[in-house]
Amino acid sequence: MVIVGGGTAGSVIASRLSADPAVRVCLIEGGPSDVGDQRVLQLRNWLNLLETEFDYDYPIVEQPRGNSHLRHSRARVLGGCSSHNTMISFLPLPGDFADWVAAGATGWSYDEMLPYWKRLAVNITPVAEPRNPLAADFVAACHTALGVPIVEDFNASPFVDGTGFFSVGYHPETGVRSSASVSYLHPHLDRPNLTIMTETWAFHLDPATGVTVRQGDEVNIIKARHEYVLSAGAIDTPRLLLLSGIGPAADLERLGIDVRADVPGVGEHLLDHPESLILWEASRPIPPMSAMDSDAGLFVRRDPSAERPDLMFHLYQIPFTVNTARLGYDVPAHGFGMTPNVPRPRSAGRLTLADADPGTKPLLDFRYFTDAGGYDEQTIVDGLRLAREVAATEPFASWIAREIAPGPALRTDEELSAYGRAAHHTVFHPAGTCRMGAAGDELAVVDPELRLRGFPNVRIADASVFPTMPTVNPMVAVFLIGERAADLISADLK
Ligand SMILES: Cc1cc2nc3c(=O)[nH]c(=O)nc-3n(C[C@H](O)[C@H](O)[C@H](O)COP(=O)(O)OP(=O)(O)OC[C@H]3O[C@@H](n4cnc5c(N)ncnc54)[C@H](O)[C@@H]3O)c2cc1C
C-alpha cells in the first residue's frame, strides 16, 4: 500500500492499515518529521510556522471581488496541516453530512460517521483552565447581546447556534498538539511493516507503474502491490493528478501534458471558508493564558427557522493585522478581533496548473464573493454589524478602547462590504477539488468508496473529496475521511 501525503488523513490511514502486520504500508511525505521538534509540537507556536520552511505557502491569483494578497498556508511536515494549525475540533453537524449524501456520497451520513468519531485517536477537549478572561467575557457578551446559548462542549451534541470555548485537539498539561502524527504515527514508529519516507516529494503517478518521487537529488519510482492512496491535500492532490495527465483533457493538452484520463472535475469546485475581521484596540493588556490565541467563538442563525448556523465568528485574542495594516489601519500594541466567517459559502473556484513543470506552484482561483446572489458578501456585512452589537455589550465592551477597523465611520452595506472583502482572509480551509459523488456525476472525481474515476487501484482521501463545505472547521471531517478510508481499504484487502 502506498500513501502519498503523511498529513491529516494520510497519517490516520497509514496507522490503521499498518496495525495489521500482514499489510505493508509506505507513507510518502514531502516534509520533515515532527518527532521531537517542539516548534511543531507546541500548539501555541502555530503562528510562527506560517511562511517558514514548514509551509508550502501558496499565493492566489488576482481576485476581482476578494483580497488578492492573502496566501494559503499548507503544512510541509509529518502530520500535515494538523501539525501547524490551531486544532479547533468540531464534529460536523448532521446537516453537513446530509448535504454530502444529497451530493451523491452514499454511506457518509451523520449516523454512519459517528462510529468513526467515537474511535478517533485525537485528544479533543474543551479549552482547559485557566481560561483567558477576555474570551470568557466575549462568551458572556455574545449570550447577552444575541440571546444564543453558552455551549460548554460543542461536540457533546449537534448545536443550532451558540457561543463558548472551542474544543481543541491537544494535551493541555503539556501544550502539545494532538496532531495526526502525534496521535496516529508516533506510537507506532517501530512497526516493521510501516515505512515513512520524509522529505520525499511525489510529482507523477502512473497507476500501472508507480509514483515517481524526488528525494534530494535522486528520483525513484515507488510501486504499490495493492493500491495507491492520494492524501496530499486539497491543493497538492489535484496538482499531482494534473501533472500525471489525469484531469480536464483540454487544459492538459493546452499545457502539453499527455492525457492519461479525461476527468473534468479535477481542480474544480475549489471551496474555502472566507472570513473578515473587526479589529479593536484593547483598553488594557490581554492576559496571556490561552490554548492557541483563538479560544472561543460564536455561531449565529440569521434565519431563526434554520437547523444550522449560517454565520460564524472566531475571537482572536491577538491583533491579527496583516490585512488591515496593508489597508492603512493602525497596528495596536494590544488588540483583538472578531472574524465574521461564511460557514457554507456559495462561491466556488478552480485550481489549474500554470505550466507542466512540477516545481511551479498551481494557480488558485477561489473566486471569493462571486456567487450570483451576493450571499457570501452579505454574510460578512451582517457579521460586521453583529460584532458591533457584541462589542457594545458588557462585560466585553470595557475591554475595547476603540474600533480600529473597519472604523466607526463605515456603516452602510456598501461600505462594510467593500471593507470586509478588501480585508478578508482565509482560515486555510481549501477543499472540494476532487469531490466525491455518484457514479453518474460527470464532475465527481471519486466515488463514495473514494476510488478515482477510471482507476480501481487509486483512492483519494483528504479534504479534496469534500462534496460540500461543512458548517464548522473541517479538520475533524478530514480525520473521519481517513478513518473511513482505512476501513474501506481493509474491507477490500480481506
Ligand atoms: C494555519 C492553519 C490553521 C488551521 N486551523 C484549523 C483548525 O483549527 N481547525 C480545523 O478544523 N481546521 C483547521 N485548518 C484546516 C485543516 O488543518 C485542514 O483542512 C486539514 O488538516 C487538511 O488535511 P489533509 O489531510 O487534507 O491535508 P494535509 O494535512 O495538508 O496533508 C497533506 C500532506 O501531504 C504532504 N504532501 C503534499 N503534497 C505532496 C507530494 N506531492 N508528495 C509528498 N507529500 C506531499 C504534505 O506535506 C502534507 O503533510 C487549518 C489549516 C491551516 C493551514
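None of these values were measured; they are calculated from a predicted model.

(A) Quick look at the UniProt feature "domain: Glucose-methanol-choline oxidoreductase N-terminal" (unreviewed entry) in the protein chain. Mapped onto the present numbering, the UniProt feature "domain: Glucose-methanol-choline oxidoreductase N-terminal" (unreviewed entry) falls on residues 233-247. Taken as a whole, residues 233-247 contains 73% helix and 13% strand, while its terminal C-alpha atoms sit 16 Å from one another.

(B) Region of the structure containing the site of the ligand. In the vicinity of the ligand there are 39 residues, among which Gly5, Gly7, Gly80, Asn85 and Met475 approach most closely. At four residues, helix α7 (residues 233-243) tops the list of elements feeding residues into the shell around the ligand. Partitioned by chemical class, the residues of the shell around the ligand number 17 nonpolar, 17 polar and five charged.

(C) Layout of the pairing of strand β10 (residues 201-206). As judged from the five bridges shared by β10 and strand β11 (residues 210-215), these two strands associate in the antiparallel manner. Along β11, the bridge assignment pairs Ala202 with Val213. Between β10 and β11, which pair antiparallel one after the other, the connecting turn spans three residues.

(D) Structural context of the environment of Trp280. Note on placement: Trp280 falls in strand β18 (residues 278-282). Sequence-wise, Trp280 and His334 are 54 residues apart; in three dimensions their C-alpha atoms are separated by 8.7 Å. Not counting residues up to four positions away in its chain, the partners in contact with Trp280 are Gly335, Phe336, Gly337, Ala391, Ile400, Arg402, Glu403 and Ile404.

(E) Quick look at the packing of helix α5 (residues 133-146) against helix α10 (residues 375-391). Axis separation between α5 and α10 bottoms out at 8 Å; the angle between their running directions is 110°. Classified by the angle their axes make, α5 and α10 are roughly perpendicular. Where α5 approaches α10, its residues Ala141, Cys142, Ala145 and Leu146 are matched on the opposing element by Leu386, Glu389 and Val390. By residue class, the composition of the contact of α5 with α10 is six nonpolar, no polar and one charged.

(F) A look at the nonpolar core. The biggest cluster of nonpolar side chains holds 144 residues, and the ones touching the most others in it are Ile3, Val4 and Ile13. Broken down by element, this core gets its largest block of residues, 10 residues, from helix α12 (residues 475-493). Not counting the four nearest positions on each side in its chain, Ile13 is found in contact with Ile3, Val229, Ser231, Ala461, Gly482, Ala485 and Ala486.

(G) Structural detail: the sheet that holds strand β12 (residues 218-222). What the three strands build is an open sheet, ordered β10-β11-β12; its pairing is antiparallel. Both edges of this open sheet fall to β10 and β12, since each of them pairs with a single strand only. When strand polarity is set aside, the average angle formed by the axes of neighbouring strands in this sheet is 25°.

(H) Structural view of the pairing of strand β20 (residues 311-316). The buried count for β20 comes to five of six residues, which makes it a mostly enclosed element. Of the pairings in the sheet, the one linking strand β19 (residues 296-300) to β20 comprises four bridges and is antiparallel in character. By the bridge assignment for β20, Gly297 is matched with His314. Pairing of β20 with strand β21 (residues 335-341), which is carried by five bridges, proceeds in the antiparallel orientation. Across the sheet, Phe313 pairs through a bridge with Pro340, a residue of β21.

(I) Structural detail: helix α1 (residues 8-18). Counted residue by residue, α1 has 11 buried out of 11 residues, so it is predominantly covered. Within the sequence span of α1, burial applies to Thr8, Ala9, Gly10, Ser11, Val12, Ile13, Ala14, Ser15, Arg16, Leu17 and Ser18. The inward-facing, buried residues of α1 contact β1 (2-4), β2 (25-28), α6 (180-185), β9 (194-197), β13 (228-230) and α12.

(J) Seen up close, the sheet that holds β13. Spatial ordering of the open sheet is given by β9-β2-β1-β13-β27-β26, a layout of six strands whose pairing is mixed. Each having just a single partner strand, β9 and β26 (451-452) make up the two edges of the open sheet. Note: β2 against β9, four bridges, orientation parallel. From the neighbouring strand, Leu27 faces β9, where its bridge partner is Ile196. The strands touched by α1 are β1, β2, β9 and β13; relative to β2, the strand with the most contacts, the crossing angle is about 165°.

(K) Spatial organisation of the environment of Ser283. You can see Ser283 is positioned in the loop between β18 and β19. When the C-alpha atoms of Ser283 and Ala391 are compared, they prove to be 13 Å apart, with 108 residues separating the residues in sequence. When sequence neighbours within four positions are dropped, the list of residues in contact with Ser283 reads Ser398, Trp399, Ile400 and Ala401.

(L) Inspection of the environment of Arg308 at higher detail. Checked against the element boundaries, Arg308 lands in the loop between β19 and β20. Classification of Arg308 by C-beta neighbours within 10 Å gives buried; the count is 23. Considering only alpha carbons, one finds Arg308 and Val4, 304 residues apart in sequence, at a separation of 35 Å. Leaving out residues up to four positions away in the same chain, Arg308 has contacts with Leu93, Gly95, Val160 and Thr471.

(M) The arrangement of unusual backbone geometry in detail. A cis amide bond links Glu394 to the next residue, Pro395, at an omega of 10°. Take Pro395: it is sitting in the loop between α10 and β24 (400-405). The peptide bond linking Ala405 to Pro406 adopts the cis configuration, its omega dihedral lying at 5°. If you trace the backbone, Pro406 turns up in the loop between β24 and α11 (413-422). In this model, Asp57 sits at a positive phi of 55°, which is unusual for a non-glycine residue. Assignment of secondary structure puts Asp57 in the loop between α2 (38-41) and β3 (58-59). Exposure remark for Asp57: the 15 C-beta atoms within 10 Å place this residue in the partly exposed category. Although it is not a glycine, Asp293 adopts a positive phi angle of roughly 75°. Here Asp293 shows up in the loop between β18 and β19.

Cut-offs and rules
- Counting starts from 1 at the beginning of each chain's written sequence and moves along it residue by residue.
- In keeping with the predicted nature of the model, local features appear solely for residues at pLDDT of at least 70, side-chain atom pairs appear and are counted solely at 80 or more, and the whole-chain, interface and lining totals rest on all residues.
- UniProt positions are given in the numbering used here, feature names are shortened, and annotations may be inferred rather than shown by experiment.
- Per the convention used, a helix needs a DSSP run of H or I reaching at least four residues, while a strand needs a run of E reaching at least two, with both numbered from the N terminus.
- We count a residue as near a molecule or strand when its backbone-placed C-beta atom lies within 6 Å of that partner.
- For this classification, Asp, Glu, Lys and Arg are treated as charged, while Ala, Val, Leu, Ile, Met, Phe, Trp, Tyr, Cys and Pro are nonpolar and the rest, including Gly, are polar.
- Only strands joined by at least two bridges in the DSSP assignment are considered to pair.
- A pair of residues counts as a contact when their C-beta atoms, built from backbone coordinates, are separated by no more than 7 Å.
- Comment: axis = line fitted to C-alpha atoms, over the contacting stretch for helices; angle = value between 0 and 180 degrees taken between N-to-C directions.
- Throughout, the term roughly parallel applies to angles under 35 degrees, roughly antiparallel to angles over 145, roughly perpendicular to angles from 65 to 115, and oblique to all others.
- Only buried residues count toward a nonpolar core: Ala, Val, Leu, Ile, Met, Phe, Trp, Tyr and Cys, linked into one set through C-beta atoms within 7 Å.
- Whether a residue is buried, exposed or partly exposed is read from the other C-beta atoms within 10 Å of its own C-beta, which are placed from the backbone; 20 or more gives buried, 12 or fewer gives exposed, and intermediate counts give partly exposed.

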